[in-house]
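These are the residues of each chain, in order.
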Amino acid sequence: MEKLKENICKLILVSVLLGSFGGCKKFLDRKPLEGTLDDFGVEQQVMGLYNILRSYAGFNTLPWLDFHSIRDDDAQKGSEPSDGAEIIAEFETFQYTKDDWATNSYWNDHYYMINRCNSILKTAELAGLTDELSSRNVGEAKF
């Protein structure tokens, strides 16, 4: 009786193992579950451009303020005179240094955005996308 139970357990184990190995081929042959360019076109990439505008420092926060506000003659810093003296000297007198994080972030982020836009335009051109939605997305990338 013990021998019969042991053989049944072995048979069940072997059948489960064989069934699982036989099912791998179908599992591995299916398409990816995540979206691809064929699924979305360039729309998702254009939405990523808007994320860059919101989250990269070259388009908001201190580097943007440094380039667009400190240069104004009417700008008041509003804190201690010694606070941020290196920034005022750099941006009011246009004597930039190569190792300043604000100028590097500003220019690197802008050129990153240009690169992403060019990538979208090239993708749309290579895919031959001419529908209305793709044309609008290409227009937004060009803008």
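1. A short note on the overall build of the chain
The number of helices and strands found in the chain is 7 helices and 0 strands. For the chain, the succession of helices and strands along the chain, N to C, is α-α-α-α-α-α-α. Per-residue burial over the chain gives 21% buried out of 143 residues. By element, 59% of the accessible surface of the chain is carried by carbon and sulfur atoms, the whole surface being about 11200 Å².

2. Remarks on the side chain of H110
With respect to the secondary-structure elements, H110 resides in helix 6 (residues 101-127). Of the polar contacts made by the side chain of H110, one reaches the backbone oxygen of Y106; its length is 2.7 Å. In this structure, H110 is in contact with G58 and F59, ignoring residues within four places of it in sequence.

3. Concerning the nonpolar core
One broad rule of soluble globular proteins: the nonpolar side chains tend to lie buried together. With 11 residues, the main nonpolar core is built from V42, V46, L49, I52, F59, M113, C117, I120, A124, V138 and A141. At the level of elements, helix 3 (43-55), helix 6 and helix 7 (132-142) are the ones that each hand at least two residues to this core. When residues in this core are grouped by element, the largest group, 4 residues, is from helix 6. Non-local contacts of F59, meaning those with residues more than four positions away in its chain, are made with I52, L53, W64, D109, H110 and M113.

4. Details of the packing of aromatic side chains
Enumeration according to the criterion identifies 2 aromatic pairs in this entry. Judged by centre distance (5.2 Å) and plane angle (90°), the ring pair of Y106 and W107 falls under edge-to-face.

5. So, the layout of surface pockets
Empty space within the second largest pocket amounts to approximately 190 Å³. The wall of the second largest pocket is formed by V46, L49, Y50, L53, M113, C117, E140, A141, K142 and F143. Among the elements that line the lining of the second largest pocket, the one with the most residues is helix 3, at 4 residues.

6. Structural notes on the pattern of salt bridges
Considering all chains together, one arrives at 2 salt bridges under this definition. Its salt-bridge partner being E6, residue K10 comes within 3.3 Å of it at the nearest N-O pair. Residue K10 and its partner E6 are located together in helix 1 (residues 2-28), separated by 4 residues, close to a single helical turn. The partner of R136 in a salt bridge is E140, with the nearest N and O atoms 3.4 Å apart. Of this pair, R136 and E140 are both found in helix 7, 4 residues apart, which corresponds to roughly one turn of the helix.

7. Digging into helix 3
The end-to-end C-alpha distance of helix 3, which contains 13 residues, comes to 19 Å, matching closely the 18 Å that a straight helix rising 1.5 Å per residue would cover. Residues of helix 3 that are buried: V46, L49 and I52. Relative to the axis of helix 3, the buried residues are bounded by an arc of 95° and lie together on one face. Where helix 3 is buried, its residues meet helix 6 and helix 7.

8. Re the side chain of T103
The residue T103 is located in helix 6 in this model. In terms of polar contacts, T103 uses its side chain to reach the backbone carbonyl oxygen of D100, at 3.1 Å. Contact partners of T103, with chain neighbours within four places excluded, come to F67, E90, F91, Y96 and T97.

About the criteria used
Residues numbered from 1 in each chain as written. Predicted model: local features only at pLDDT ≥ 70, side-chain atom pairs only at ≥ 80, totals over all residues. Heavy atoms only, no water. Helix = DSSP H or I, 4+ residues; strand = E, 2+ residues; numbered from the N terminus. Buried < 20%, exposed > 50% of the residue type's maximum accessible area, 1.4 Å probe, protein only. Areas by Shrake-Rupley, 256 points an atom, 1.4 Å probe, with all protein chains shown as cover. Polar contact = N/O pair within 3.5 Å; in protein donor to acceptor, adjacent residues only side chain to side chain. Contact = heavy atoms within 4.5 Å. Core = buried A, V, L, I, M, F, W, Y, C linked by side-chain atoms within 4.5 Å. Phe/Tyr/Trp six-rings, centres within 6.5 Å; stacked < 30°, edge-to-face > 60°. 1 Å grid on protein atoms, 1.4 Å probe; cavity = no way out; pocket = protein on both sides within 12 Å on 5 of 7 lines; lining within 4 Å. Points joined across faces, edges and corners; volume = space filled by probe spheres on them. Salt bridge = Lys/Arg side-chain N within 4 Å of Asp/Glu carboxyl O. Expected span 1.5 Å × (residues − 1). Arc of directions from axis to C-beta.

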